[in-house]
Amino acid sequence: MALFVTARERRLWLWALAAAVAIYSTLGLTGTLARRTSEGDPLDVFLFFFVMGLLALTVLAYGLQIRPRGVEIGVLLGIAVVYFMLFARMTLAERTHLIEYSVLATFIREALWERRNGGRRMPSPGLLAILTTTLVGTVDEYLQVFIPSRVFDPIDILFNFLAAVMTVAALATLSWIRRRTLSRPAG
């Protein structure tokens, strides 16, 4: 039996792995980046927001592949407003968690749904995506115990969990609306 049901599932798992590796690869750099951006170094601030913008564009580009229309556009705008309001009220570290773990949860959720749609038994892909994303975040925090410039913080695990929940809920809402609008008779 093949490990992946479809080529799309394989790609989604590779993207999820790349996101997790990117998160873990910054473990030693995050303290330095936070310090430098708090000092107001314009180049560092620009680079941080450029990278975070690229991550956000990844999610946006993926979302636009579904070609939203009608009520879906309204829901997408509502979701964007919620994320923006949260982003505006968070610290730099919290913003980073929100973006990183939202991207990771997106790839994991979509890979699990692709697997289920391909005929494999997959109970509750959304819940499994939340748990898997939270596990990656928990390992991220645990690894910080071994890095002198970092601190294990259970609150960060909570942020990772909340980012996963928000993402999975947003994707589930969009999927539900899409199914609902596609099942309506043309009027």
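Predicted model, so just to flag it, every value in this text is computed and none were measured.

**With respect to the packing of helix α1 (residues 7-25) against helix α6 (residues 125-143)**
Where α1 meets α6, the closest approach of the two axes is 10 Å, and the angle between their N-to-C directions is 20°. By the angle class used here, α1 and α6 are roughly parallel. The two elements α1 and α6 meet at a crossing, and its hand is right-handed. In contact with Ala 20, Ile 23 and Tyr 24 of α1, α6 contributes Val 136, Val 139, Asp 140 and Leu 143. Of the residues that constitute the contact of α1 with α6, the class distribution is six nonpolar, no polar and one charged.

**Here's the deal with the pattern of salt bridges**
This model, assessed by the stated rule, comprises four salt bridges. One salt bridge connects Arg 109 with Glu 110, and the closest N-O pair in it is separated by 2.5 Å. The pair Arg 109 / Glu 110 is uniform in exposure class, with both members buried. Residues participating in the shared-partner salt-bridge network are Arg 8, Arg 109, Glu 110 and Glu 114.

**Notes on the environment of Gln 144**
Along the polypeptide, Gln 144 turns up in the loop between α6 and α7 (154-183). Assessed through its relative accessible area of 2%, Gln 144 is described here as buried. Between the C-alpha atoms of Gln 144 and Gly 28, which are 116 residues apart in sequence, the distance is 8.6 Å. A polar contact is formed between the side chain of Gln 144 and the side chain of Arg 150, at a distance of 3.2 Å.

**Details of the side chain of Arg 115**
Within the secondary structure layout, Arg 115 lies in helix α5 (residues 92-117). Among the polar contacts listed, one links the side chain of Arg 115 to the side chain of Glu 9, at a separation of 2.6 Å. The residues contacting Arg 115, other than those within four sequence positions of it, are Leu 3, Phe 4, Val 5, Glu 9, Arg 120 and Met 122.

What counts and how
Each chain has its residues counted from 1, following the order in which its sequence is written. Local features in this predicted model are restricted to residues whose pLDDT is 70 or higher, and side-chain atom pairs enter the listing and the counts only when it is 80 or higher, whereas totals over whole chains, interfaces and linings include all residues. Think of the side-chain values as coming from all heavy atoms in the structure, minus any hydrogens and water. Lines are fitted to the C-alpha atoms to define the axes, a helix being fitted only along its stretch in contact, and any angle between axes, read from their N-to-C directions, falls within 0 to 180 degrees. Comment: elements are numbered from the N terminus, with helices defined as DSSP H or I runs of at least four residues and strands as E runs of at least two. Throughout, the term roughly parallel applies to angles under 35 degrees, roughly antiparallel to angles over 145, roughly perpendicular to angles from 65 to 115, and oblique to all others. Put simply, a crossing is left-handed when the front helix is turned counterclockwise from the back one by less than a right angle, and right-handed when it is turned clockwise. Contacts are assigned to residue pairs with any non-hydrogen atoms lying within 4.5 Å of each other. In the scheme used here, Gly and all other residues not listed as nonpolar or charged are polar, with Ala, Val, Leu, Ile, Met, Phe, Trp, Tyr, Cys and Pro taken as nonpolar and Asp, Glu, Lys and Arg as charged. Each reported salt bridge corresponds to a side-chain nitrogen of Lys or Arg within 4 Å of a carboxyl oxygen of Asp or Glu. Only protein chains enter the accessibility calculation, which uses a 1.4 Å probe. A residue is then buried if its area is under 20% of the maximum for its type, exposed if over 50%, and partly exposed in between. Each polar contact in these results corresponds to two N or O atoms within 3.5 Å; when the atoms are within protein, one needs to be able to donate a hydrogen and the other to accept it, and residues that are neighboring in sequence are counted only if both atoms are side-chain atoms.

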